[in-house]
Amino acid sequence: MEPRWAQTGRAGPDDDEWGQQPPPSSLFLQLPSNATLRFRGNVAKAWGAGLGDGEPPGTPQERDGEEAGDQESVPLKRLPLCMAEKRRLRFQEQQAAWKWSRWERWQVGRRRLRGQVGGALLYAQMWRDSLHHIGGHFGTGIQSYFSFLRFLVLLNLGGALLTVGFVVAPNAAFEGLQLNQTQRGQNSTVNSSCLQYDPSVRGLVSYFTYLLDLLSGTGFMELTHLFYGYYQNSAVDFVGFSYNIPLAYLLSMLGYFSVCLLWIVRRAVHLLKRSLVSENGALSTYSNKVFAGWDFCLAPGTAVHMKHTSLRYELRMDLEEQTLRRLMAQRSRAQRVALYGLRGALNLLVGALLGAAFYCVYRATEYSQQSQDTGPGQQGLALGLLVAYLPSIVITAANQLLPLAFGLLVRLERYPLSLEIRLTLLRTVFLRLSSLVVLLLSLWTQITCHGDPEADSCQPCGYNHQQHPCWETSVGREMYKLLVFDLLVVLLVLLLVEFPRKLLVTHGPAPLARLWGQQEFLVPPNVLDLVYGQTVCWVGAAFSPLLPLLNSAKFVLLFYLKKLTLFSNCRPANRTFRASSSSFFFLLVLLLGLAIAWVPLLYSVFVLQPSHACGPFRGEPTMWSTLSAAIETLPHVAREFLEFVGSLAFAVPLFLLLCILMFYLMALAHSYSRLVKELKGQLRLEGRDKVFLVTQITELS
């Protein structure tokens, strides 16, 4: 099809319309994008032909049919159209409905039903209105913290359904119905001293002893459904069905950890796609912050003023970082050597602080476990709680004080501000997770006699039965105390620090108010507190089946406490993080915490000797042997199939298939990256085309 100006039978447009300028076809050939034809092949020719033709190929009826088909595949409310256009499309759809076949009507009805169910589920989301209220007053950055907290609540509720549904509830029901339980795993060759375990206190027990047992998980608390030692190694026969309690315990724990892993990976992949788009270096520019950095979820008032302040702060920090990078490039060799020496010395100081904190955690755990042999009657309530919670106190003190020292030291290293924040976060994450690792290492050295089964304390039973008669309950008890103490710290900080600070800043002397200032709600430290609490729950879930349920209740209470202190005492931080990138980073840290929790679980399942006096695996060489014994009772075909799945004949082809799939995905990702680079190049050329056209219009005017 010829251009419209050529259909008039003239060689070109009138001078009044175009002047002495070349016709549009030659003007398009002068564009910078067409100047790269020799590099891009026939792509520019097709593009220029499309511009010259003015209309895409095909009849108008065919194009209308294609557009209608595209619109039918997308719900009407998701189309980027005005309300009048949507009403017109809805009317056309209703007019054409009588021409549809029964299959088409069924598809439309199914699509509408799916949309209605999705809308109902959207309105039924947990804390939906509260999250919108928080996002409207404080922005999406702080809203991402509460969304992350909701995700952890749902994650723990899913794990609680598994453990309660398959372990706790069946045991409670069997005990209530007084059904016959067949004891399993009895080993007559075990030393009789290894079978002694009675944590209950004899004689008259005071009220303070009960309170101490409730807070520290000792005494009568060890004989409840909360801890591992309460459950029996037995099978219950009920209406011709045998319920294997140890097998249910093991599979529910493995299922809980697997569900957590899959759920977190799925959410992380979803957020990674968003972070790759929002945090692209080409988008994080001055123009993006000025023209596309506004948060339209904010309500008018203080939140808008704070957003203005945040944007000004980000622009000022970007300018300061550019100035700092320019100064870094101008440093001499002697200045660089001096700076690197200073950074090395400060890193050594950071390492010394971390080492001192880990040593304190190790010694506190050792002293606390050794002092547990002293009865509660020989200690006062305050002293007993202090000794029981000594590891928790040391870990919490290190988690609260050392990040402040990290923030002061990192300023002396003269990094850009963005790198300072990332480096402080990485050091804080390492501190919080490593403190748990040190605690577990301390417990392991006490339980296994420093890994020497031939030691005098471990030789009779295979583990230190004298200090830890039920070592699984001891580990679960430490995680229970960490969970309780973490909640107590939040309550004390809220009542004794945040509310008094708000009253002092609001009603106190003006100079003191300006010096101290209103408290900021910092998203990264609060999210790291959640990650730390969730890691504690994962580590203790295998030895305390009700710990996920308790952690869910703790997070629900924490949601309302943080919401209260946010609206009453806090203000948003001046420098905020993007919700997409920060959420993905926090999920990576959460995955790291889950990996740390997998290590003691797998070591306990495959290597460590279970306690002989308590728990569902008493009398077994390892926890995994329960699953092996259960497989032996299956029919021959099922047993052969499971043995084949666990053999090298299945593992090697599966590994090769996964390698082929990985290489295919890598090649696909490489091709997508090349396509993205080409599209970015075309975007740059289109920008140059716009500049060229604007120049031509300016010359014509």
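Located above this text is the structure these notes cover.
The rules behind these values
- Residues numbered from 1 in each chain as written.
- Predicted model: local features only at pLDDT ≥ 70, side-chain atom pairs only at ≥ 80, totals over all residues.
- Heavy atoms only, no water.
- Helix = DSSP H or I, 4+ residues; strand = E, 2+ residues; numbered from the N terminus.
- Contact = heavy atoms within 4.5 Å.
- Areas by Shrake-Rupley, 256 points an atom, 1.4 Å probe, with all protein chains shown as cover.
- Salt bridge = Lys/Arg side-chain N within 4 Å of Asp/Glu carboxyl O.
- Buried < 20%, exposed > 50% of the residue type's maximum accessible area, 1.4 Å probe, protein only.
- Core = buried A, V, L, I, M, F, W, Y, C linked by side-chain atoms within 4.5 Å.
- Expected span 1.5 Å × (residues − 1).
- Bend = angle between axes of the 7 residues up to and from the residue.
- 1 Å grid on protein atoms, 1.4 Å probe; cavity = no way out; pocket = protein on both sides within 12 Å on 5 of 7 lines; lining within 4 Å.
- Points joined across faces, edges and corners; volume = space filled by probe spheres on them.
- Nonpolar A, V, L, I, M, F, W, Y, C, P; charged D, E, K, R; others polar.
- Phe/Tyr/Trp six-rings, centres within 6.5 Å; stacked < 30°, edge-to-face > 60°.

S.K.: Would you mind going over the overall build of the protein chain with me for this structure?
M.R.: Within the protein chain one finds 25 helices and five strands. When contacts within the protein chain are restricted to residue pairs at least 6 apart in sequence, those whose partners lie at least 24 apart make up 74%. Of the accessible surface of the protein chain, which amounts to about 40,200 Å², a share of 64% is contributed by carbon and sulfur atoms.

S.K.: How should the pattern of salt bridges be read in this particular structure?
M.R.: Pairing of side chains with opposite charge becomes possible as their charged atoms draw close. Evaluation of the coordinates by the stated rule reveals eight salt bridges. A salt bridge links Arg88 to Glu85; its shortest N-O distance comes to 2.2 Å. Residue Arg88 and its partner Glu85 are located together in helix α6 (residues 83-95), separated by three residues, close to a single helical turn. With a closest N to O distance of 3.2 Å, Glu222 and Arg477 form a salt bridge. In this pair, Glu222 is assigned in the loop between α10 (207-216) and β2 (234-238) and Arg477 in helix α18 (residues 471-507), connecting sequence segments 255 residues apart. In this pair, the class of Glu222 matches that of Arg477, namely buried.

S.K.: Explain the nonpolar core to me, please; I cannot follow it from the model alone.
M.R.: As a rule of thumb, soluble globular proteins bury nonpolar side chains together. By size, the foremost hydrophobic cluster in this structure holds 111 residues, and its most contacted members are Phe146, Phe148, Phe257, Trp538 and Leu590. The residues touching Phe257, leaving out its near neighbours within four places in the chain, are Trp538, Ala541, Leu594, Ala597, Trp598 and Leu601. Membership of the second largest hydrophobic core comes to five residues, among which are Phe174, Tyr243, Ile245 and Ala248.

S.K.: Could you clarify how one ought to interpret helix α9 (residues 140-177) in this entry?
M.R.: Residue pairs three or four apart in sequence face the same way in an α-helix, which turns once every 3.6 residues. The terminal C-alpha atoms of α9 lie 52 Å apart, and with 38 residues this matches the ideal 56 Å at 1.5 Å per residue to within 8%. At Val164, α9 shows its strongest bend, of approximately 45°. Taken from the residues just after α9, Gln178 is the one with a positive phi, measuring 55°.

S.K.: How should empty space enclosed by the protein be read in this particular structure?
M.R.: Sizing a probe to match a water molecule and rolling it over the atoms shows the empty space that remains. The final tally for this structure, using the stated rule, is three cavities of 30 Å³ or more. Its boundaries defined by the atoms lining it, the largest cavity holds a volume of some 60 Å³. Taken together, Tyr249, Leu250, Met253, Ala542, Phe543, Leu601, Ser604, Val605, Phe617 and Met623 make up the lining of the largest cavity. Of all the secondary-structure elements, those providing two or more residues to the lining of the largest cavity are α11 (245-278) and α22 (579-606). Considered class by class, the residues forming the lining of the largest cavity number nine nonpolar, one polar and no charged.

S.K.: How do you make sense of the packing of aromatic side chains when you look at a structure like this?
M.R.: How two aromatic rings sit relative to each other is given by the distance of their centres and the angle of their planes. Inspection of the entire model under this criterion finds 23 aromatic pairs. Look at Tyr230 and Tyr231: their rings are 5.8 Å apart centre to centre, the planes differ by 80°, and that puts the pair in the edge-to-face class. Residue Tyr230 shares its accessibility class with Tyr231, and that shared class is buried. Ring plane angle 70° and centroid distance 5.5 Å describe the contact between Tyr256 and Phe257, whose orientation is recorded as edge-to-face. On the basis of relative accessibility, which here comes to 1%, the residue Tyr256 falls in the buried class. Taken together, the ring pairs connect Trp127, Tyr145, Phe146, Phe521, Phe559 and Tyr560 into an aromatic cluster.

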